[in-house]
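Secondary and tertiary structure notes
Chain by chain, the residues run as shown.
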Amino acid sequence: MSAIRSTKGVVDLVKFGDTCAVLPNEVIDELRSMEDADGMHGGVKQQRYAVGEQVRVVSGPLAGLLAEVSEQDNGGRVTILMSILARVNRLVVPRNMLE
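Thresholds, definitions, all that
Residues numbered from 1 in each chain as written. Predicted model: local features only at pLDDT ≥ 70, side-chain atom pairs only at ≥ 80, totals over all residues. Heavy atoms only, no water. Helix = DSSP H or I, 4+ residues; strand = E, 2+ residues; numbered from the N terminus. Buried < 20%, exposed > 50% of the residue type's maximum accessible area, 1.4 Å probe, protein only. Contact = heavy atoms within 4.5 Å. Areas by Shrake-Rupley, 256 points an atom, 1.4 Å probe, with all protein chains shown as cover. Pairing = 2+ DSSP bridges. Patch = residues over 30% accessible without salt bridge, like charges linked within 9 Å, V, L, I, M, F, W, Y side chains within 5 Å. Salt bridge = Lys/Arg side-chain N within 4 Å of Asp/Glu carboxyl O.

A word on the overall build of the protein chain
Of regular secondary structure, the protein chain possesses two helices and six strands. Element order for the protein chain, N to C, with α for helix and β for strand: α-β-β-α-β-β-β-β. For the protein chain, buried positions account for 16% of its 99 residues. Taking contacts inside the protein chain between residues at least 6 apart in sequence as the whole, the part at least 24 apart equals 23%. Carbon and sulfur atoms make up 55% of the accessible area of the protein chain, which totals about 7,700 Å².

Structure, rendered in structure tokens:
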């Protein structure tokens, strides 16, 4: 159980009281059939950006503003440089907030 709980993004196991939920093998097989080659689920592959690339923020309070990609991690977060009030600011945002 500790190996599952230490997996990035896992908060806890689904339980009914003290008993862990159990899915039939057919459901597990169906979920696995929806994975892409990288084992990702959901069908939407997130864009990777090149350092120095201009991007636009598409959601949140900064939506519509332009920024420059500074770096990104494998966890879906991108560091951007954005000019706000005549000062360049370094911000870390989820990759899905950019286009």
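After presenting the structure, the write-up continues.
Thoughts on the pairing of strand S6 (residues 87–94)
Pairing between strand S5 (residues 77–84) and S6: eight bridges, direction antiparallel. Its bridge partner lying in S6, serine 83 is registered against valine 88. Where S5 folds back on S6, the antiparallel hairpin that results is connected by two residues, among which leucine 85 adopts a positive phi of roughly 55°.

Here's the deal with the environment of alanine 21
Within the fold, alanine 21 resides in the loop between strand S2 (19–20) and helix H2 (25–33). Alanine 21 sits in the partly exposed class, given a relative accessible area of 35%. Contact partners of alanine 21, with chain neighbours within four places excluded, come to Val14, Lys15 and Phe16.

What about a nonpolar patch on the surface?
Together, Leu23, Val27, Leu31 and Met34 give the surface a local cluster of nonpolar side chains, amounting to about 320 Å² of exposed area. Looking at the element boundaries, leucine 31 is found in helix H2. For leucine 31, a relative accessible area of 36% puts it in the partly exposed group.

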